[in-house]
Amino acid sequence: MVESAQSMAGSAGAMDNARLRFRIFLALDLFVIVLVLGAAVIGLGLNEDFRNWIYTALGYGWVPVGLGSLAALVTLRYRPRWLFRPWRWWLAGAGVVALAVGTLSFFEAGYGALAFASLGGRWGRALVGESAVWGMVRLLPIALAIPLLINPRKAGRGYWVALVALGRGFWYGAYHLACGVRYLAGRIRRGAGALGHSETRRGWIGAMLGLPGRCFTALTDSSARPAQKVAAVSGGGGEDARLTAAARANGTLLGAAQVAPESPAQLTAKGSQWQLPSMELLAPAETHEASDKPLKAMAANIESALADHGVNVEVTDIKAGPRIVQFGLLPGWIEKRGRDKGDGVRANERRRVQVGSIMAREKDLALAISAPSLRLQPVPGEALLGLELPTPTPSKVTMREIMDSQDFRKIVFRGGLPIALGAGVSGASVAMDLAALPHVMIAGATGSGKSVCINSIIASFLLTKPPDQLRMVMVDPKQVELTPFNGIPHLIKPVIKDVDDVSPMLKGLVREMNRRYKEMSEVNTRNIAGYNAKAKDPMPYLVLIVDELADLMMVGGHEVEHSLVRLAQMGRAAGIHLVLATQRPSKEVVTGLLKANVPAKIAFAVATQVNARVILDSVGAEKLLGKGDMLLVNNDSPQPRRVQGTLVVDEEIEKLVDFWLNQKGPELPVVLLDESEEVEDDEDFGDEDMLEKARELALRNPHLSVSLLGRRLKIGGKRAAQIIEALEDEGLVIPKQP
């Protein structure tokens, strides 16, 4: 006990001695600091030159320098080992002081001693230099080094990410700048080409500034007539349409006025002498703003309805479209008590609500929220379950609205076959390129919107493609849907109404496909795009549109199926594409071989799940609302995507048809499809009139081919070959090298 008491007394005395020494040293330090500061103040007050030198040396930079020096002296006095262990922090602090002094050096005083130096003094000015830009460049490495000294790992990772983003931004900007320069050069070249024609000289400004959309409008000179009211293109209803007197790029007149190139698709008519219709022929887009209050109320009802059945979900996303609103359901958590491990403590377990339990409550949910139709499916690319319900404020999707979208314009600029399909669940425009699909199958019951979809596809082609770039063949066994298009120059032949005439036509399409492959092999190209880039006489796209496939399969049977499958397998490279529609998507109509070769499928409302599985290989089409509500499956979206189709009214179709009927263009190349059009080979090919026409063609083209001669003179292949041999003997055609 005595020893312990003595030890405690000794330790207490040692502590008292340490406290005493600390107080003595602290008093001495404060005394030394006061002496130094007093001496500095006295020295500065007695010697004016010394005071000015000190003041102008660092100016206001003495504040950060003094604070940093004071921190170093205090650390050196009381914790000397701290000067070496966190050495990165001391270097970072020195960098902060240097940055502060350098930043002060960018500013100058208005008067006084610092007026000739800077707020950072002469030393600060020497640090950054005379130029502000060069000074920032000097301080930048110091600023970048400070985070690296404090935390090298995180700062290095952040700098690397910033450097990668900067490089990507540079190349992104350079790429778009090059695209802009290329586009502007093309516009200038097109305008310069228009100056060479007397008919289009007045509209050269419009040709140069004919940019897509409403960015620019065609300009006219003082000689152009002012806008005037003329009869509408449709000629029906007594309506008047105000068409501008601006000239198109090709200078073609329409009636008493010239139409300004307002359609973005007019750019695809490069090299064509046909005039494309204006976007003014279509009805303007409708503005629709949905209120958030009814949607939020519906979301609350959905959560409460499922909660009543013991299913916890949370509506985290709402996407409102023209006809459908999609609620993103996030499955909630289920609390479950764990087993007792023997220590009397039970650990709670949490797990997500199963998607199957939500799907099982589909009918209960529809009854609780009074929904006429609902559809549950996982949202592709998101950890949500999508609940699709009819929107309380439906709206229409116009053709012009989709054609003004960026997706549609991109397809037009690429030179494809654009289709203004409709709007998605979120309201975004949905446009497709038929040349990339390359075929599409459409199925839907009566009144579901199938015929309107076909009309929108044809209207998209008529607004963007001239007849020398796109030809069509239409089959309409019902004789009511496609017959209004009779007479337009895009049709190779009138709309086929008799089913017995379909099989010879399909065989003719197969022969045309084989002929195209032969011509492409002659110029060593793989597809129609490569051939058109090399050949003097480009091939137009060919599109076969069938309104009712079931009637063809019932009458033609195996022959029709064989021809359609052959075209679907090999038609893409030759520029031949199929649009097949049916009301009865049964296995006898949509056979397995045909469905396998038509990757794109559009399903409107059907009667049963069996029909839905035939067209989509999945259910869901039987729950659609009709009137344009569809499910789309293509290469971009292998899962069915819900789309509201575009609405094309009869007045718009009439205006487009009248526009093309009233236009007189150059002669189009003949496409032979019927077997009866083939001329017998043993006919006399020595007819003087026929030979004279062949000689005129040979004089213009010494490398005249058999296929070109056959198309121009509308004769068979063997007869054309015999005439070519005769022209070779006369020396008018250069023989091909073996």
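The rules behind these values
- Residues numbered from 1 in each chain as written.
- Predicted model: local features only at pLDDT ≥ 70, side-chain atom pairs only at ≥ 80, totals over all residues.
- Heavy atoms only, no water.
- Helix = DSSP H or I, 4+ residues; strand = E, 2+ residues; numbered from the N terminus.
- Buried < 20%, exposed > 50% of the residue type's maximum accessible area, 1.4 Å probe, protein only.
- Contact = heavy atoms within 4.5 Å.
- Areas by Shrake-Rupley, 256 points an atom, 1.4 Å probe, with all protein chains shown as cover.
- Polar contact = N/O pair within 3.5 Å; in protein donor to acceptor, adjacent residues only side chain to side chain.
- Salt bridge = Lys/Arg side-chain N within 4 Å of Asp/Glu carboxyl O.
- Axes fitted to C-alpha atoms, helices over the stretch in contact; angles between N-to-C directions.
- Parallel < 35°, antiparallel > 145°, perpendicular 65-115°, else oblique.
- Left-handed = near helix turned anticlockwise from the far one by under 90°.
- Nonpolar A, V, L, I, M, F, W, Y, C, P; charged D, E, K, R; others polar.
- Pairing = 2+ DSSP bridges.
- Core = buried A, V, L, I, M, F, W, Y, C linked by side-chain atoms within 4.5 Å.
- Phe/Tyr/Trp six-rings, centres within 6.5 Å; stacked < 30°, edge-to-face > 60°.
- Arc of directions from axis to C-beta.
- pLDDT = per-residue confidence, 0-100.

Engineer: Pulling in residues and values, what's your account of the overall build of the protein chain?
Structural biologist: Secondary structure assignment for the protein chain yields 24 helices and 17 strands. Taking all 738 residues of the protein chain together, 42% fall into the buried category. Sequence separation of 24 or more characterises 61% of the internal contacts of the protein chain that already satisfy a separation of 6 or more. Element-wise, carbon and sulfur atoms account for 59% of the exposed surface of the protein chain, whose accessible area totals about 40300 Å².

Engineer: Which residues make up the side chain of Glu519, and what values do they have?
Structural biologist: Along the chain, Glu519 falls in helix α15 (residues 502-522). A polar contact of 2.9 Å, which involves the side chain of Glu519, links it to the side chain of Tyr531. Among all residues touching Glu519, those that are not within four sequence positions of it are Tyr531, Met539, Ser707 and Arg711.

Engineer: Quick one: what's the story with the pattern of salt bridges, residue by residue and with numbers?
Structural biologist: Counted according to the given criterion, the structure contains 16 salt bridges. Where Asp404 meets Arg409, a salt bridge forms, and the shortest distance between an N and an O atom there is 3.5 Å. Note that Arg515 is salt-bridged to Glu519, the shortest N-O span being 2.6 Å. Here Arg515 pairs with Glu519, and both are found in helix α15, just 4 residues apart, close to one helical turn. Overlapping salt bridges bring together Arg375, Glu388, Asp629 and Arg642 as one network.

Engineer: An account of the packing of α15 against helix α18 (residues 558-570) is requested, with residue identities and associated values reported.
Structural biologist: Remark: α15 packs on α18, axes separated minimally by 9 Å, with the N-to-C direction vectors making an angle of 25°. For the element pair α15 / α18, the angle class is roughly parallel. Considering only the axes of α15 and α18, their crossing is left-handed. From α15, Ser503, Leu506, Lys507, Leu509, Val510, Met513 and Tyr517 reach across to α18, where they touch Glu559, Val560, Ser563, Leu564, Arg566, Leu567 and Met570. Residue classes in the contact of α15 with α18 are distributed as 9 nonpolar, 2 polar and 3 charged.

Engineer: Before we move on, can you summarise the pairing of strand β8 (residues 385-390) with the specific residues and values?
Structural biologist: Where a strand is regular, its side chains alternate between the two sheet faces. Summarising burial for β8: 5 of the 6 residues are buried, a large majority. Two strands pair when backbone bridges link them, and strand β7 (residues 375-378) and β8 are joined in this way by 4 bridges, in the antiparallel orientation. In the sheet register, Leu376 faces β8, and the bridge partner there is Leu387. Counted along the chain from β7 to the antiparallel partner β8, the turn is 6 residues long, and its residue Gly381 has a positive phi close to 80°.

Engineer: Outline the nonpolar core, supporting the account with residue identities and numerical values.
Structural biologist: Residues Ile442, Met472, Met505, Leu544 and Ile602 are the most contacted members of the largest nonpolar core, which totals 109 residues. In terms of residues, this core owes the most to one element, helix α14 (residues 450-464), which gives 8 residues. Counting 22 residues, the second largest nonpolar core, distinct from the first, contains Ala305, Leu306, Val311 and Ile369.

Engineer: Tell me what's going on with the sheet that holds strand β4 (residues 324-331), and back it up with residues and numbers.
Structural biologist: In spatial order, the strands read β3-β4-β8-β7; together these 4 strands make up an open sheet with antiparallel pairing. In this open sheet, the two edge strands, each paired with only one partner strand, are β3 (313-320) and β7. Direction aside, the axes of adjacent strands within the sheet are offset by 25° on average. The pairing of β4 with β8 spans 6 bridges and is classified as antiparallel. In the strand pairing of β8, Phe327 is matched with Leu387.

Engineer: Which residues make up helix α23 (residues 706-713), and what values do they have?
Structural biologist: Burial analysis of α23 places 6 of its 8 residues in the buried class, the great majority of the element. Residues of α23 that are buried include every one of Ser707, Leu708, Leu709, Gly710, Arg711 and Leu713, and no others. Lys714 occupies a position one or two residues after α23 and carries a positive phi of about 60°.

Engineer: Tell me about the pairing of strand β17 (residues 641-645), residues and numbers included.
Structural biologist: Most of β17 sits out of view: 4 of its 5 residues are buried. Two elements, strand β16 (residues 629-633) and β17, share 4 bridges in a ladder whose sense is antiparallel. Residue pairing across strands places Met630 opposite Val643, the latter belonging to β17.

Engineer: How would you summarise the sheet that holds strand β10 (residues 429-433) if you had to cite specific residues and measurements?
Structural biologist: Strands sit in the order β10-β9-β17-β16-β15-β11-β14-β13-β12 across an open sheet of 9 strands; the sheet is mixed. Because the sheet does not close on itself, it has two edges, and the strands there are β10 and β12 (470-475). Each strand axis lies, on average, 25° off the axis of its neighbour in the sheet, ignoring direction. Taken together, the 5 bridges between strand β13 (residues 541-546) and strand β14 (residues 576-582) define a ladder with parallel strand orientation.

Engineer: Got a sec to walk through the packing of aromatic side chains? Specific residues and values, please.
Structural biologist: Taken as a whole and assessed by the stated rule, the structure comprises 3 aromatic pairs. Ring centres of Phe170 and Trp171 lie 5.4 Å apart, and the angle between their planes is 70°; this geometry places the pair in the edge-to-face category. Classification of Phe170 by relative accessible area gives exposed; the value is 54%. Members of the aromatic cluster, connected to one another through ring pairs, are Trp274, Phe659 and Trp660.

Engineer: Got a sec to walk through unusual backbone geometry? Specific residues and values, please.
Structural biologist: Between Leu437 and Pro438 the backbone carries a cis peptide bond, its omega angle lying at 0°. Positionally, Pro438 belongs in the loop between β10 and β11 (440-443). Here Gln479, not a glycine, exhibits a phi torsion of approximately 65°, which is positive. Within the element layout of this structure, Gln479 appears in the loop between β12 and α15.

Engineer: An account of helix α11 (residues 362-369) is needed here, citing residue identities and associated values.
Structural biologist: Within α11, burial applies to Glu362, Leu365 and Ile369. Each buried residue of α11 lies within a common arc of 65° when the element is viewed along its axis, so the set occupies one face. Turned more than 90 degrees off the buried face of α11, the exposed positions are Lys363 and Leu367. Looking at the buried residues of α11, the elements they touch are α9 (292-308), α10 (355-360), β7 and β8. In the segment just after α11, Ser370 is the residue with positive phi, at about 55°.

Engineer: Now, about the confidence of the model for the protein chain: what can you tell me, with residues and values included?
Structural biologist: Averaged over all residues, the pLDDT of the protein chain equals 76, while 70% of them reach at least 70. Mean pLDDT values for the elements of the protein chain range from 30 in strand β1 (residues 228-231) up to 96 in β13. A low-confidence stretch, residues 196-268 stays under pLDDT 50, and its non-local contacts, those more than four residues away or across chains, total 155 contacts. This stretch, residues 676-686, has a pLDDT under 50; its non-local contacts, to residues over four places away or in other chains, come to 19 contacts.

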